[in-house]
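Okay, here's what each chain looks like letter by letter:
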Amino acid sequence: MTQILAYALQHPQDQLVPFELTLRKLKEQDILIDILYCGICHSDIHQARSEWGQARYPMVPGHEIVGRVKQIGAKVIGFAIGDAVGVGCMVDSCRECGSCQDELQQFCSQGPSFTYNSLEQDKQTPTYGGYAKGIVVHEDFVLKIAPQLDLARVAPLLCAGITTYSPLRRWNVGPGQKVGIIGLGGLGHMGVKIATAMGAEVSVFTTSLNKYEDAKALGAKHVILSKDEAAMKAAAKQFDLILDTVSAKHDINLYLATLKRDGVMVSLGIPPEPVELSLRSLLSPPRILTGSSIGGIKETQEMLDFCAQHRILSDIEIIAIQDVNLAYERLLKGDVKYRFVIDMQSLQG
Ligand code: NAP
Ligand code: ZN
Ligand code: ZN
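These numbers come from a predicted model, not from an experiment.

A short note on the state of the cysteines
So, point 1. For the structure shown, the criterion picks out zero disulfides.
So, point 2. Cys 307 takes part in no disulfide bond, and the closest cysteine sulfur to it belongs to Cys 159, at a distance of 13 Å.

Re helix H10 (residues 324-332)
So, point 1. For H10, the set of buried residues is Val 324, Asn 325, Ala 327, Tyr 328 and Leu 331. Angularly, the buried residues of H10 cover 155° about the axis, an arc narrow enough to put them on a single face.
So, point 2. Contacts made by the buried residues of H10 are with strand S1 (2-8), helix H1 (42-48), strand S16 (316-320) and strand S17 (339-343).
So, point 3. Immediately beyond the C-terminal end of H10, within one or two residues, lies Gly 334, with a positive phi of roughly 75°.

As for the packing of aromatic side chains
So, point 1. Scanning the model with the defined rule gives four aromatic pairs in all.
So, point 2. Judged by centre distance (5.5 Å) and plane angle (85°), the rings of Phe 205 and Tyr 255 are edge-to-face. Separated by 50 residues along the polypeptide, Phe 205 in strand S11 (residues 201-206) and Tyr 255 in helix H8 (residues 252-256) bring together distant segments of the chain. Each member of the pair, Phe 205 together with Tyr 255, is buried.
So, point 3. One aromatic cluster is present, built from ring pairs that chain together Phe 205, Phe 239 and Tyr 255.
So, point 4. The residue whose ring lies beneath Arg 170 is Trp 171, and the NZ or CZ to ring-centre distance is 4.5 Å.

A word on the side chain of Thr 300
So, point 1. By the element assignment, Thr 300 lies in helix H9 (residues 297-309).
So, point 2. A residue is classified by how much of its surface remains accessible, and Thr 300, at 4% relative accessible area, is buried.
So, point 3. Among all residues touching Thr 300, those that are not within four sequence positions of it are Leu 143, Leu 158, Ile 162 and Gly 295.

Focus on the coordination of the zinc ion (ligand 2)
So, point 1. Here the zinc ion (ligand 2) is held by the protein donor atoms Cys 41 (SG), His 63 (NE2) and Cys 159 (SG), which lie 2.0 to 2.3 Å from it.
So, point 2. The sequence pattern formed by the donor residues of the zinc ion (ligand 2) is C-x21-H-x95-C. Taken as a pair, Cys 41 in the loop between strand S3 (30-39) and H1 and His 63 in the loop between H1 and strand S4 (65-72) lie far apart in primary sequence, 22 residues in all. Considered together, Cys 41 and His 63 belong to a single accessibility category, that of buried residues.

So, the site of ligand 1
So, point 1. Neighbouring ligand 1 are 29 residues; Thr 206, Thr 207, Ser 208, Lys 211 and Arg 339 lie closest to it.
So, point 2. Within the side chain of Thr 207, an N or O atom sits 2.6 Å from an oxygen atom of ligand 1.
So, point 3. The contact in question runs from an oxygen atom of ligand 1 to an N or O atom on the backbone of Ile 294, over 2.8 Å.
So, point 4. When ligand 1 is considered free in solution it has 920 Å² of accessible area, and contact with the protein chains removes 88% of it.

Remarks on the coordination of the zinc ion (ligand 3)
So, point 1. Looking at the zinc ion (ligand 3), one finds its protein donor set to be Cys 94 (SG), Cys 97 (SG), Cys 100 (SG) and Cys 108 (SG), positioned 2.3 to 2.4 Å from the metal centre.
So, point 2. Taken together, the four donor atoms surrounding the zinc ion (ligand 3) define angles of 103 to 119° at the centre, an arrangement classified as tetrahedral.
So, point 3. Considered as a linear motif, the donors of the zinc ion (ligand 3) on their single chain read C-x2-C-x2-C-x7-C. Neither residue differs from the other here; Cys 94 and Cys 97 are each classed as buried.

Brief notes about the environment of Ala 146
So, point 1. Tracing the backbone shows Ala 146 in the loop between strand S9 (143-144) and helix H3 (151-154).
So, point 2. The partly exposed category is assigned to Ala 146, whose relative accessible area is 25%.
So, point 3. A C-alpha to C-alpha distance of 8.9 Å links Ala 146 and Asp 83, two positions 63 residues apart in sequence.

Some points on the pattern of salt bridges
So, point 1. Under the definition given, this model contains 16 salt bridges.
So, point 2. Between Asp 315 and Arg 153 there is a salt bridge, and its shortest N-O distance comes to 3.3 Å. Of this pair, Asp 315 sits in the loop between H9 and S16 while Arg 153 sits in helix H3, and the two are 162 residues apart along the sequence.
So, point 3. Using a relative accessible area of 28% as the deciding quantity, one classes Arg 153 as partly exposed.

Focus: the domain arrangement of the protein
So, point 1. Taken domain by domain, the protein consists of domain 1 (2-159 + 295-346) and domain 2 (161-291).
So, point 2. On a C-alpha basis, the centroid separation for the pair domain 1 and domain 2 is 27 Å.
So, point 3. Tallying the contact residues gives 25 residues for domain 1 and 22 residues for domain 2.
So, point 4. Of the roughly 2,000 Å² buried at the junction of domain 1 and domain 2 (both faces included), carbon and sulfur atoms supply 61%.
So, point 5. Counting the surface domain 1 buries against domain 2, the share from its top three residues, Cys 159, Phe 306 and Tyr 338, is 31%.
So, point 6. Counting across the interface, domain 1 meets domain 2 through three salt bridges.
So, point 7. Notably, a salt bridge pairs Lys 337 with Asp 214, separated by 3.1 Å at the nearest N-O pair.
So, point 8. Viewed at the interface, domain 2 and domain 1 are joined by 17 residue pairs in polar contact (both at pLDDT 80 or more).
So, point 9. Secondary structure elements with two or more residues in the side of domain 1 that touches domain 2: H1 and H9.
So, point 10. By residue number, the principal contributor to the side of domain 1 that touches domain 2 is H9, which donates six residues.
So, point 11. The residue inventory of the side of domain 1 that touches domain 2, partitioned by class, reads eleven nonpolar, seven polar and seven charged.

Analysis parameters
- Residues numbered from 1 in each chain as written.
- Chains lettered and ligands numbered in written order.
- Predicted model: local features only at pLDDT ≥ 70, side-chain atom pairs only at ≥ 80, totals over all residues.
- Heavy atoms only, no water.
- Disulfide = S-S within 2.5 Å.
- Buried < 20%, exposed > 50% of the residue type's maximum accessible area, 1.4 Å probe, protein only.
- Helix = DSSP H or I, 4+ residues; strand = E, 2+ residues; numbered from the N terminus.
- Arc of directions from axis to C-beta.
- Contact = heavy atoms within 4.5 Å.
- Phe/Tyr/Trp six-rings, centres within 6.5 Å; stacked < 30°, edge-to-face > 60°.
- Lys NZ or Arg CZ within 6 Å of the ring centre and 35° of its normal.
- Donors = N, O, S within 2.8 Å, 3.2 Å for Na, K, Ca; no water.
- Near = heavy atom within 4 Å.
- Polar contact = N/O pair within 3.5 Å; in protein donor to acceptor, adjacent residues only side chain to side chain.
- Areas by Shrake-Rupley, 256 points an atom, 1.4 Å probe, with all protein chains shown as cover.
- Tetrahedral: all angles 85-135°; square planar, octahedral: opposite > 155°, others 65-115°.
- Salt bridge = Lys/Arg side-chain N within 4 Å of Asp/Glu carboxyl O.
- Domains from an automatic or database assignment.
- Buried area = accessible area lost by both parts, 1.4 Å probe.
- Nonpolar A, V, L, I, M, F, W, Y, C, P; charged D, E, K, R; others polar.

Written out as structure tokens, the structure is:
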């Protein structure tokens, strides 16, 4: 067993504070990872504040983890000490159900073990995430990262990257297609980069006029201010696919109107409150409204390789862990370009 430092909260209204964590003894196929960087996803805030139903405390959030292999179990075959590795939103699953066999572990019928605010497959041991010096993970849930990359800028790919990559692949995005991304935040900016690299013509729907130049620099061809009624009207029936990354309650009907016949809107954001759907938005012309949840482990590796090949990294602001509570407040105000990443060297005992 290894004692390590982490940051945790004990209650939804609490701040994150230093916390001592005991990592499990390595099993045969386990890897002990020294965490170097961890991104801050908006889901960390939703869960820390128990906005999605009863959360588990103490909670160590963080599922955009990058680090180096420190120690390996006797039967680990895919990794060596010193390798650059990543861990995303899941650390285990049953391996046997249909979804696991289809490499879609996020839909495991027994319930996947999410990286934090969840239980190991024994259904008893709580999981703790990446705002910590280390983590122990079965090698099947550890991702390989090309060592020459800027590891801090890779961290957000482990959630924001795969969450946008997966639906873009699923709906066969490519040249000749028009893709809209709603919300230029952590997920949104990755969606712009990845959809552009896939060859699509990308537009950003934003509520923030000051993100106009950034959206263009990230690869967007058009930027549409969603509060501008005339601009929204001009965008009617234009898009093949839209990714909705908005974290708060919003009017989805407004954006559905910009889909073409048989166009698809994929909900990625998880606002705590229900949103209103006018069924008229779906029928003339007919449109598809669906959702997507992160991505399986195999697809996450495919995404990391795709991003390495296309030189796609996240745009980040590195912070010390002592500033994590302030970072949460800034993220809620949209004051980050476009992902906070915690430098875990700042966590010293
Ligand atoms: P984020 O960085 O805070 O970005 C969200 C963006 O949404 C903001 O930058 C803002 O963009 C826009 N926005 C915020 N409030 C809005 C409002 N009231 N109306 C319209 N637009 C608004 O968050 P994130 O980390 O990208 O996460 C986004 C959401 O996805 C969260 O709910 C998160 O929990 C969820 N998520 C889902 C999955 C999944 O598997 N489906 C995975 C990860 C995260 P503009 O300033 O450009 O308008
Ligand atoms: Zn996330
Ligand atoms: Zn399963």
